[in-house]
Number of protein chains: 2
Amino acid sequence: MSQVLRIGIAGLGTVGSALLHLLEDNGDEIADKTGRGLSVTAVCARNRNVDRGVDVSGYTWFDDPVGLAESDDVDVLVELIGGDEGPARACVEAALSRGKSVVTANKALLAKHGASLAKLAEANGAGLSYEAAVAGAIPIIKTLREALSGNRVSRIFGIMNGTCNYILTRMEAEKISFADCLADAQRLGYAEADPTFDIGGHDTAHKLAILTSLCFGTEISFDSIYLEGIDKITLADIEAADQLGYRIKLLGVAQQTETGIEQRVHPAMVPKTAAIAGIDGVTNAVAIEADKAGSLMLSGPGAGGAATASAVVGDLADLARGQRVPVFGKPAEGLQPYVRAGMRLHEGGYYLALEIADKPGVLARIATLMAEAEISLQSVVQHREIEQENGKPLRAQPVIIITHETTESAVRAALERIEADDSVLGTPKMIRIEKLS
Amino acid sequence: MSQVLRIGIAGLGTVGSALLHLLEDNGDEIADKTGRGLSVTAVCARNRNVDRGVDVSGYTWFDDPVGLAESDDVDVLVELIGGDEGPARACVEAALSRGKSVVTANKALLAKHGASLAKLAEANGAGLSYEAAVAGAIPIIKTLREALSGNRVSRIFGIMNGTCNYILTRMEAEKISFADCLADAQRLGYAEADPTFDIGGHDTAHKLAILTSLCFGTEISFDSIYLEGIDKITLADIEAADQLGYRIKLLGVAQQTETGIEQRVHPAMVPKTAAIAGIDGVTNAVAIEADKAGSLMLSGPGAGGAATASAVVGDLADLARGQRVPVFGKPAEGLQPYVRAGMRLHEGGYYLALEIADKPGVLARIATLMAEAEISLQSVVQHREIEQENGKPLRAQPVIIITHETTESAVRAALERIEADDSVLGTPKMIRIEKLS
């Protein structure tokens with residue numbers, strides 16, 4: 001171990017450049033805190049001749065990230081390339097297998113190969129840190145991996161995708177449609193040209209998979225996550241939620257149940273009085289329910305160059321001080337197999353929105369179908385205003401149903417029968433209500 | 001270092017007993033996570049024969065905490081006695097001077113002797129951890145001391161006293177007076193029989209002094225904290241705040257200014273839209289503004305046996321893994337002298353409530369006095385309803401003034417002149433408005 005911690009950075013996009021800026025700005029302070037300097041010795045990116053607003057001529061340049069990882073001048077690899085295969089995976093494995101610690105912001109890589117990378121790291125005495133991979137500057141990994149060591153977590157849930165939260169917040173605040181909002185988000189740079197990865201919930205699912213492993217000591221199981229995006233959420237849903245005292249948020253939730261661990265990403269109605277309902281715009285938040293610590297919530301910027309670089313440097317400072325924690329909080333060999341709690345066993349309240357034909361007896365029939373499925377209703381609202389088309393009222397009547405706590409399988413069974421009823425037009429909409437105290 | 005980490009606990013009150021319960025409940029999990037067991041070997045309390053709901057007969061009993069700290073069977077001292085002198089200080093010093101690490105929940109001890117204890121710990125290669133001393137289960141110490149190592153903090157502020165927040169929340173929710181609320185809080189065990197320490201802001205100030213040192217790398221200076229409690233807050237203030245879009249919270253704030261570091265504890269008006277305004281009841285929250293990470297907020301239970309024990313165990317787990325971080329984030333010898341930013345230089349908006357005689361020209365005179373002090377007004381509200389006494393309207397008219405940003409010295413000068421005016425009855429009330437984005 002040299003006096004300074006020699007860092008090789010693979011990937012010089014937004015976060016990589018911000019990391020160089022951060023170390024320039026606050027490097028002396030960091031050295032004070034860690035007792036040794038953090039010194040970038042080598043960098044690697046696809047294109048050497050891009051203006052990054054920071055001079056990289058003083059660092060050894062590598063075209064190949066594996067070469068950078070293997071360099072004798074590099075003690076720690078910072079992987080900021082992204083992607084769950086290819087050069088990112090190759091350079092991380094190259095570093096770990098040589099006993100060099102890795103700091104990464106790569107959630108996809110961890111969600112897919114977390115367990116094997118953890119074993120590789122621990123077998124070689126290397127650290128693998130990834131605070132930047134989940135919820136940007138929010139120290140959620142450190143909190144779960146270290147601070148809550150004395151706890152058993154029962155549920156973790158969070159708003160972990162700024163794009164989705166920005167869209168939902170603006171739809172509500174400005175009464176605009178999903179499509180208009182998405183277009184705006186793309187124009188402002190909050191959403192990618194191809195937004196599927198964010199909007200569809202995949203990004204949230206990557207982060208959730210990592211948190212699940214940390215909370216429950218289980219092997220990562222990204223493929224088991226129940227996944228639903230926000231693309232079907234309409235302004236009408238948001239307004240109905242508002243009237244009922246709820247907000248709609250895209251949540252990632254992992255929860256211990258009697259049959260296993262539920263992992264789900266879907267739009268959820270949360271009571272306006274719950275702290276997580278107040279998280280607006282691109283801000284992220286993660287809430288933890290633990291047996292001893294109780295209910296905690298951490299919020300802050302979930303993305304952005306400087307915020308993500310802050311998380312990377314937190315990990316680097318730990319490594320500089322010689323701190324070493326098992327990758328997923330306990331030795332990778334001891335992680336338990338993930339036991340999936342099937343989504344059909346999910347218990348909770350449900351919001352259902354139907355369009356029914358404007359004729360007598362339909363509501364009674366729906367109520368009967370729900371009763372036959374043993375679902376009890378908390379409220380039924382038949383909207384006063386009937387939607388107009390070309391100045392003429394439509395024949396369909398929107399009906400909003402809020403159920404008491406029931407099971408997903410009961411709701412799905414009821415919805416199948418309701419959908420088959422010829423007085424119900426179109427496909428019923430269902431949004432889960434997250435139970436929060 | 002023995003295979004297990006041998007722990008001596010000094011103080012077996014609520015937190016000490018909860019710690020024993022926690023280690024009983026989750027000890028195996030913790031050993032999994034840390035790679036070694038945490039084993040309580042010795043305990044110490046004033047009275048051996050109290051029923052604590054947990055069997056202590058298996059531990060070596062000490063009547064003297066210094067004896068416990070010095071015992072060869074103790075690797076780490078957990079100090080849960082409390083108080084800034086006497087046995088707490090003596091046993092902590094005894095442990096540290098022998099190179100034994102200490103975990104403490106004692107905010108008073110740290111606020112008074114933090115700098116010298118940090119030097120003692122570091123000179124002897126011992127750790128001194130105190131997550132439990134500030135905001136219970138919320139990992140604010142770890143966040144500042146480790147996760148935000150790459151940042152310069154510009155401001156930290158928080159709700160760090162559950163008693164005060166419980167009272168303010170209930171006053172607002174149930175429209176009851178401070179006195180009635182306090183009596184209720186005492187009955188429910190949320191407030192001490194002598195509530196001065198909480199209500200007067202001293203408890204918050206102890207915690208703030210510790211956070212200031214961690215955020216700004218300065219020596220602890222508890223005596224420099226500007227201190228104002230919540231005992232003068234009336235239901236009328238809370239209702240006026242509500243109408244103006246604010247809530248009143250007891251905040252501890254430390255802030256870098258041009259002339260030094262402001263440390264202040266006082267009731268503050270916070271916009272209802274700010275996240276910290278939503279923190280209700282006994283919950284605590286701490287918000288951080290940092291140059292790279294941006295704005296973060298952490299919330300959760302600030303007190304209670306299990307929550308505080310969770311924080312203690314987080315610290316013990318770090319010690320078990322061999323993690324060692326400088327007590328205040330950087331070596332104690334390098335902490336800078338604290339430079340106080342005088343409260344008269346404080347800049348912000350102000351809420352002023354006056355009672356004026358019901359005669360012409362008074363409001364104009366007050367507005368003139370404010371203008372002469374170069375304070376510009378954002379709004380002036382003369383209450384429609386005049387308070388009644390025995391069915392007859394009082395002669396006094398309540399007037400609420402909200403100022404634009406100004407200085408404390410200007411406001412105090414204006415208030416002196418206003419108070420001297422014989423059309424103003426009683427003492428004007430002043431509450432600072434915390435600037436939040």
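Definitions and limits used
Every chain begins its residue count from 1, and numbering advances along the sequence as written. To label them, take the chains in the order written and letter them from A, then take the ligands in the order written and number them from 1. Per-residue local features are limited, in this predicted model, to residues with pLDDT of at least 70; the limit for side-chain atom pairs, both in listing and counting, is 80 or more; totals at the level of whole chains, interfaces and linings are taken over all residues. Excluded from the side-chain calculation are hydrogens and water; included are all heavy atoms of the structure. The contact criterion used throughout is that any non-hydrogen atoms of two residues lie within 4.5 Å. In this description, buried area is defined as the sum, over both parts, of the accessible area (probe of 1.4 Å) that is lost when the two are combined. By convention in these notes, a salt bridge is any Lys or Arg side-chain nitrogen within 4 Å of a carboxyl oxygen on Asp or Glu. Counting of polar contacts relies on pairs of N or O atoms within 3.5 Å, with two restrictions inside protein: one atom must be capable of donating a hydrogen and the other of accepting it, and residues adjacent in sequence are counted only when both atoms are side-chain atoms. Each helix corresponds to a stretch of at least 4 residues labelled H or I by DSSP, and each strand to a stretch of at least 2 residues labelled E; elements are numbered beginning at the N terminus. Ten residue types, Ala, Val, Leu, Ile, Met, Phe, Trp, Tyr, Cys and Pro, are classed as nonpolar, four, Asp, Glu, Lys and Arg, as charged, and the remainder, Gly among them, as polar. Any two strands with at least two DSSP-identified bridges between them are counted as paired. Axis lines are fitted to C-alpha atoms, over the contacting stretch for helices. Their N-to-C directions set the angle, which ranges from 0 to 180 degrees. Buried residues are those whose accessible area, probed at 1.4 Å on protein chains only, stays under 20% of the maximum for their type, while exposed residues exceed 50% and partly exposed ones sit between those limits. The reported arc concerns the directions from the helix axis to the C-beta atoms and nothing else. Roughly parallel means an angle under 35 degrees; roughly antiparallel, over 145; roughly perpendicular, 65 to 115; everything else is oblique. Should the near helix be turned anticlockwise from the far one by less than a right angle, the crossing is termed left-handed; should it be turned clockwise, right-handed. Classification of ring pairs uses Phe, Tyr and Trp, with its six-membered ring standing for Trp, and accepts pairs whose centres are within 6.5 Å; under 30 degrees between planes counts as stacked, over 60 as edge-to-face, and the remaining range as tilted. pLDDT: the predictor's confidence for each residue, scored from 0 to 100.

Draft legend 1. Looking closely at the interface of chain A and chain B. With 47 residues of chain A at the contact, the number on the chain B side is 47 residues. Of all residues in chain A, A:Lys33, A:Ser149 and A:Lys292 bury the most surface against chain B, accounting for 17% of the area lost on that side. At the boundary of chain A with chain B, the tally comes to six salt bridges. At the boundary of chain A with chain B, the tally comes to 26 residue pairs in polar contact (both at pLDDT 80 or more). Of all elements in the fold, only helix 1 (14-34), helix 5 (140-147), strand 12 (294-301) and helix 11 (305-320) of chain A reach the threshold of two or more residues within the side of chain A that touches chain B. Class assignment for the residues of the side of chain A that touches chain B results in 19 nonpolar, 14 polar and 14 charged. Both strand 12 of chain A and strand 12 (residues 294-301) of chain B contribute to a ladder of three bridges, which runs antiparallel. Residue A:Ser299 lies in a different strand from strand 12 of chain B, and its bridge partner there is B:Met297.

Draft legend 2. A look at the sheet that holds strand 4 (residues 76-79) of chain B. All names here are of chain B. A sheet is described by the order of its strands in space; here six strands give the open sequence 3-2-1-4-5-6, paired in parallel fashion. Two strands bound the open sheet, and with one partner strand each, they are strand 3 (60-62) and strand 6 (128-129). Set on the sheet, helix 1 (residues 14-34) makes contact with strand 1 (5-10), strand 2 (38-44) and strand 4; between it and strand 2 the angle comes to about 165°. Contacts from helix 3 (residues 86-97) reach strand 1, strand 4, strand 5 (101-104) and strand 6 within the one sheet, and its direction differs from that of strand 4 by about 165°.

Draft legend 3. Fine view of helix 10 (residues 235-243) of chain B. All names here are of chain B. When we look at burial in helix 10, the residues that qualify are Asp-237, Ile-238, Ala-240 and Ala-241. Buried residues of helix 10, seen end-on, are gathered within an arc of 165° and therefore sit on one face of the element. Phi turns positive one or two residues past the end of helix 10, at Gly-245, with a value near 90°.

Draft legend 4. Here's a closer look at the packing of helix 5 of chain A against helix 9 (residues 202-216) of chain A. Residue and element names in this part refer to chain A. Running from N to C, helix 5 and helix 9 point in directions that differ by 20°, and their axes come no closer than 9 Å. When the axes of helix 5 and helix 9 are compared, the pair comes out roughly parallel. Considering the relative orientation of helix 5 and helix 9, their crossing is left-handed. Contacts between helix 5 and helix 9 involve Ile-140, Ile-141, Leu-144 and Arg-145 from the former and Ile-210, Leu-211, Leu-214 and Cys-215 from the latter. In the contact of helix 5 with helix 9, the residues fall into seven nonpolar, no polar and one charged.

Draft legend 5. How the structure looks around the packing of aromatic side chains. Residues and elements named next belong to chain A. Counted by the stated rule, this structure contains four aromatic pairs over all chains. Ring geometry for Tyr-166 versus Tyr-190: centroids 4.7 Å apart, planes at 70°, classification edge-to-face. On the criterion of sequence distance, the pair formed by Tyr-166 in helix 6 (residues 162-174) and Tyr-190 in the loop between helix 7 (178-187) and helix 8 (196-199) is long-range, its members being 24 residues apart. Classification of Tyr-166 as buried rests on a relative accessible area of 9%.

Draft legend 6. Main features of the confidence of the model for chain A. Here chain A shows a mean pLDDT of 94. Residues at 70 or above account for 96%. Across the assembled chains, the prediction reports ipTM 0.95 with pTM 0.95.

Draft legend 7. Seen up close, the environment of B:Ala90. Mapped onto the elements of the fold, B:Ala90 is located in helix 3. Residues B:Ala90 and B:Glu289 lie 199 residues apart in sequence; the distance between their C-alpha atoms is 36 Å.

Draft legend 8. Quick peek at the sheet that holds strand 1 (residues 5-10) of chain A. Residue and element names in this part refer to chain A. Here we have six strands laid out as an open sheet, ordered 3-2-1-4-5-6, and parallel in their pairing. Unpaired on one side and paired on the other, strand 3 (60-62) and strand 6 (128-129) mark the two borders of the sheet. In terms of strand pairing, strand 1 meets strand 2 (residues 38-44) through six bridges, oriented parallel. When the bridges of strand 2 are listed, Ile-9 appears paired with Val-43.

Draft legend 9. View of the pairing of strand 13 (residues 347-357) of chain A. Residue and element names in this part refer to chain A. Taking burial as the measure, the eleven residues of strand 13 include nine buried ones, the bulk of the element. Alignment of strand 13 against strand 18 (residues 406-407), held across two bridges, turns out to be antiparallel. Considered in strand 18, the bridge of Glu-347 is made with Thr-407. Sheet topology places strand 13 next to strand 19 (residues 424-433); seven bridges connect them, and they run antiparallel. Its bridge partner being in strand 19, Ala-353 is matched across the sheet by Lys-429.

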